[in-house]
Amino acid sequence: MRVSLSTLRILVLLGVFIATVLFFASQIDGYMNARLFNRISGSVAVIALIAVGQAFVVLTRNIDLSIGSVVGCTAYFTGGILMAWPDLPPVLVPVLAMAIGAAFGAFNGFLVARFRLPSIIVTLATLAIFRSILVQSSDGSSITTDRLPAWLTEFATMNAFTVGDLQVRWIVVISLLVVLTAHVFLTRFRAGRTFYAIGSNPDAAAFAGLNAARTIFLAFVISGALAGLAGFLFLSRFGNITVVAGLGLELKSVGAVVVGGVNIFGGSGNVLGVLIGAALIDLIDTSLVRWALVSEFWREAVLGLLILLAVAADTVLMRRLLRRKGGAA
Amino acid sequence: MTWMRSWEGFLFLVLVLIYALNAWTSPVFLTVGNQINMVQLSVEKIIVALVMTFVIINGEIDLSVASVMGLAACAFGWMVQAGVPGGWAIVIALGIGLACGAFNALFIVGFGIPSLVVTLATMIAFRGFARVLVEDRGISGFPDWFNALGQRGLVGPVPLAIIMFAVLAVLAFLILQRTAFGRKVYFIGANRAVAEYSGLDVRSVKIRIFIASGTVSALAGIMFAARVGAIRGDIAQGFELDIITMVLLGGVSIFGGAGTMSGTILAILIVLALRNGMALQNITGHIQTGVLGVLLILSVMVPIIRETGSRLLARVR
């Protein structure tokens, strides 16, 4: 039986994920319980959304470092709008958040696609610009739970269904639906395959008549919109939004994307892998806090080394595979 | 008068303009005290910008510099607290910076992974190590001579920081524009493949540049610790934005191969004067950072602006 490379990668990731769970279970007393699942699934729901958006951008050979600030901004502005008009129909609110996020993404996309500026520089700049917009418009005051409509904060803990003690929240279901939709779109639709084509060989894609600028612009808009949706979930989960909301999420999302097996040079990768990558990173993050042997301050160091390890392993493996293919031909 | 038409000439005019504007809006701006203050308060960033010029002209980038600064400063503080004599702590902290640079070079040159990805990961990792060292504490109580070096004048009112910047700027200028090594940095950045086929030691040049970047960043981190007299885990966080903005605004191409040290130095002075002017107008740090972000985008658009400008000029003629 032959297994395709991307399936193999997902299987390996799943193996690593299970091994990590077993490892922490052997180290921490009472680790395997329903509370752990409920907590981790909730935060993975947020990170997975951002990571999927990031994956669209990375597939086209770009990167979006601004999404942490986009999450913060949309959470803040959505909260602000809800405080002003608390009677807004609930269905409209996530749509609004996505629209706000998409607008930020469109700004990035315009600069990168229209002027062909390097995305790393543009989004490093907008990371700072969006954050300062947030600081300026909030004027130091923050959104607090008690001034938001009650349905919003209840929504974060509302269960879609339960399996024994395991509670599957609505936010988890929404996030999974987004991941699956993105997966089907990227693998089964012509418009989805374009993202891969642009990223794996821009020249060939141009000769084939694909519009690179439009696709890259779209990738940033998608990334912004999903960050906006994540901002809505963030607002719902935490209620209190300060000017530092979403700080550092861009690094986690890049981590999830890279660990999830999306090639950082564009053109290959799988959104399901990204989901597992996000879950793995969050699992390690949450578990290190509870592991007595190692201080929780190792979190960042571990995340950085994990990204480096994933990229290095990927590069070395791909090179070896290519060489073997070349040798056979 | 050809220099007027060069990018450096334009930067010089902008600098004069900003100085005039600042002097007009604030009586304090042109005083010697404020001018010294202006450089001293940012000296850590600007000495790293000098090395970053080499890195970017060489066609690479180093996003980890601010984290190396933080790690070196935290390691220094941790060692002083553990009873290591200040002098030794400085040497070891510099060694850590060197090791960080070598670690980056190992992955970039050794495994052939783009510097963008490697230094993004080590930016997180090195910052993480700094946090592991000091957790959420702040450390102060450094030796008096150490704090004095960072805070008081060494020669009259001029502190060590400014002397060090002046010396390093001259050194960086000479190495980049007047030595064979400098020419290699340009050549490799302009076309790596051709440089390799011409038998240039591309790998050794890149390794040396990244090691220099790590070491100078560590030096900058230690100077930061001396100036503030205390350290925390988030020290120097986000400085890479300022540093890269200074270099790109100076006319260095993000794709490598072009730019000058005098451009970087002029851009450094522009950014300093701009920040100082905003601070004198009571504009908060977050907003200053936002303005820096706008400036960064404008500075990567420099080639486009120049092209459009010359096309317009040609049409007028």
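The coordinates are above.
Note that the coordinates shown come from a computational prediction; the quantities given were computed from them, not determined experimentally. Within any chain, residue numbers begin from 1 and follow the written order of that chain's sequence. Just so you know, chain letters begin at A and ligand numbers begin at 1, following the order they were written in. The predicted origin of the model limits local features to residues at a pLDDT of at least 70 and limits the giving and counting of side-chain atom pairs to 80 or more, whereas totals for whole chains, interfaces and linings rest on all residues. Side-chain numbers come from the whole structure's heavy atoms, not from hydrogens or water.

## Digging into the overall build of chain A
1) Next: Working definition: helices are DSSP H or I runs of at least four residues, strands are E runs of at least two. Numbering for both runs from the N terminus. A count of helical and extended segments in chain A gives 13 helices and two strands.
2) Next: Only C-alpha atoms enter the radius of gyration; for comparison, a globular chain is expected to reach 2.2 Å times N to the power 0.38, where N is the number of residues. The C-alpha radius of gyration of chain A comes to 20 Å, within 12% of the 20 Å expected for a compact globule of 329 residues.
3) Next: Exposed residues in this analysis have more than 50% of their type's maximum accessible area, buried residues have under 20%, and partly exposed residues fall in between, with area computed by a 1.4 Å probe over protein chains only. Evaluated residue by residue, chain A yields a buried proportion of 53% over its 329 residues.
4) Next: Within chain A, counting contacts between residues at least 6 apart in sequence, those at least 24 apart form 76% of the total. Note on contacts: a residue pair is in contact if any heavy atoms of the two residues lie within 4.5 Å.

## With respect to a nonpolar patch on the surface
1) Next: Patch building starts from residues that exceed 30% relative accessible area and form no salt bridge, then joins like charges within 9 Å and nonpolar side chains (Val, Leu, Ile, Met, Phe, Trp, Tyr) within 5 Å. Only the protein chains shown count as cover for residues, and all accessible areas are computed by the Shrake-Rupley method using a 1.4 Å probe. Any Lys or Arg side-chain nitrogen found within 4 Å of a carboxyl oxygen on Asp or Glu counts as a salt bridge. Among the surface-exposed residues, Leu-5, Leu-8, Val-12, Val-16 and Leu-321 of chain A lie close enough to one another that they form a single nonpolar patch of about 390 Å² accessible area.
2) Next: It is helix 1 (residues 5–27) of chain A that contributes the most residues to the nonpolar patch, four residues altogether.

## Observations regarding the pairing of strand 1 (residues 159–163) of chain A
Residue and element names in this part refer to chain A.
1) Next: Between any two strands, at least two bridges found by DSSP are needed for them to pair. As defined by bridge partners, strand 1 adjoins strand 2 (residues 166–169) across four bridges and the pair is classed as antiparallel. Residue pairing across strands places Val-163 opposite Leu-166, the latter belonging to strand 2.
2) Next: Connecting strand 1 to the antiparallel partner strand 2 that follows it, the hairpin turn spans two residues, and Gly-164 within it adopts a positive phi of roughly 60°.

## Remarks on the side chain of Thr-20 of chain A
Residues and elements named next belong to chain A.
1) Next: Here Thr-20 is to be found in helix 1.
2) Next: You can call Thr-20 buried: its relative accessible area is 14%.
3) Next: Any pair of N or O atoms that falls within 3.5 Å is considered a polar contact. Within protein, one atom must be able to donate a hydrogen and the other to accept it, and sequence-neighbouring residues count only if both atoms are side-chain atoms. Of note is the side chain of Thr-20, whose polar atom sits 2.6 Å from the backbone oxygen of Val-16.
4) Next: When near neighbours in sequence (up to four residues on either side) are disregarded, Thr-20 contacts Leu-280, Leu-283 and Ile-284.

## Describing the packing of aromatic side chains
1) Next: Any two of the Phe, Tyr and Trp rings considered here, Trp counted by its six-membered ring, make a pair once their centres fall within 6.5 Å; the pair's planes then place it as stacked at under 30 degrees, edge-to-face at over 60, or tilted in between. Under the criterion given, the structure shown has 25 aromatic pairs over all chains.
2) Next: Judged by centre distance (5.2 Å) and plane angle (85°), the rings of Phe-56 of chain A and Phe-195 of chain A are edge-to-face. Of this pair, Phe-56 of chain A sits in helix 2 (residues 34–59) while Phe-195 of chain A sits in helix 8 (residues 190–200), and the two are 139 residues apart along the sequence.
3) Next: Relative accessible area serves as the criterion here: at 3%, Phe-56 of chain A is assigned to the buried category.
4) Next: Put simply, a charge is over a ring when the Lys NZ or the Arg CZ is close to the ring centre, within 6 Å, and near the line of the ring normal, within 35 degrees. The cationic tip of Arg-193 of chain A hangs over the ring face of Tyr-196 of chain A; the distance from NZ or CZ to the ring centre is 4.4 Å.
5) Next: Residue placement shows Lys-45 of chain B over the ring face of Phe-239 of chain B; its charged tip is 4.5 Å from the ring centre.

## Re the environment of Val-14 of chain B
All names here are of chain B.
1) Next: Its place among the elements puts Val-14 in helix 1 (residues 7–25).
2) Next: On the basis of relative accessibility, which here comes to 23%, the residue Val-14 falls in the partly exposed class.
3) Next: Distance from Val-14 to Phe-29, taken between C-alpha atoms, is 17 Å for residues 15 residues apart in sequence.

## Quick word on the nonpolar core
1) Next: Ranked by size, the top nonpolar core spans 208 residues in total, and within it Ile-121 of chain A together with Ile-231 and Ile-244 of chain B carry the most contacts.
2) Next: Among the elements that make up this core, the one with the highest residue count is helix 2 of chain A (16 residues).
3) Next: Among all residues touching Ile-231 of chain B, those that are not within four sequence positions of it are Ala-73, Cys-74, Gly-77, Val-134, Arg-137, Gly-138, Ile-139, Phe-142 and Ala-225 of chain B. Working definition of a nonpolar core: buried Ala, Val, Leu, Ile, Met, Phe, Trp, Tyr and Cys residues. They are joined through side-chain atoms within 4.5 Å.

## Focus: the pattern of salt bridges
1) Next: Overall, the coordinates contain ten salt bridges over all chains when judged by the stated rule.
2) Next: In this structure, Lys-252 of chain A and Asp-285 of chain A form a salt bridge, with 2.9 Å as the shortest nitrogen-oxygen distance. Here Asp-285 of chain A lies in helix 12 (residues 271–290) and Lys-252 of chain A lies in helix 11 (residues 249–259), a separation of 33 residues in the sequence.
3) Next: Within this structure, Lys-45, Asp-242 and Arg-275 of chain B form a network of salt bridges that share partners.

## Topic: the interface of chain A and chain B
1) Next: Contact with chain A, which involves 37 residues of that partner, is made by 40 residues of chain B.
2) Next: When two parts are put together, the accessible area they lose, computed with a 1.4 Å probe and summed over both, is reported as buried area. Roughly 3300 Å² of surface becomes buried between chain A and chain B when both sides are summed, with 87% attributable to carbon and sulfur atoms.
3) Next: Contact with chain B buries surface across chain A, with Phe-297, Glu-300 and Leu-308 of chain A losing the most and accounting together for 20% of the total.
4) Next: At the boundary of chain A with chain B, the tally comes to one salt bridge.
5) Next: Elements with a minimum of two residues in the side of chain A that touches chain B: helix 4 (92–115), helix 5 (119–138), helix 11 and helix 13 (299–328) of chain A.
6) Next: Grouping the amino acids of the side of chain A that touches chain B by side-chain chemistry returns 28 nonpolar, six polar and three charged. Gly falls in the polar group here, along with every residue not listed as nonpolar (Ala, Val, Leu, Ile, Met, Phe, Trp, Tyr, Cys, Pro) or charged (Asp, Glu, Lys, Arg).

## Details of a positive patch on the surface
All names here are of chain A.
1) Next: For the purpose of counting charges, residues Lys and Arg are taken to be positive, whereas Asp and Glu are taken to be negative. His and the chain ends are not included. Lysine's charge is taken at NZ, arginine's at CZ, aspartate's at CG and glutamate's at CD. The grouping of Arg-319, Arg-320, Arg-323 and Arg-324 at the surface amounts to a positive patch.
2) Next: Inspection of the secondary structure puts Arg-319 in helix 13.
3) Next: On the basis of relative accessible area, Arg-319 is assigned to the partly exposed category, the value being 37%.

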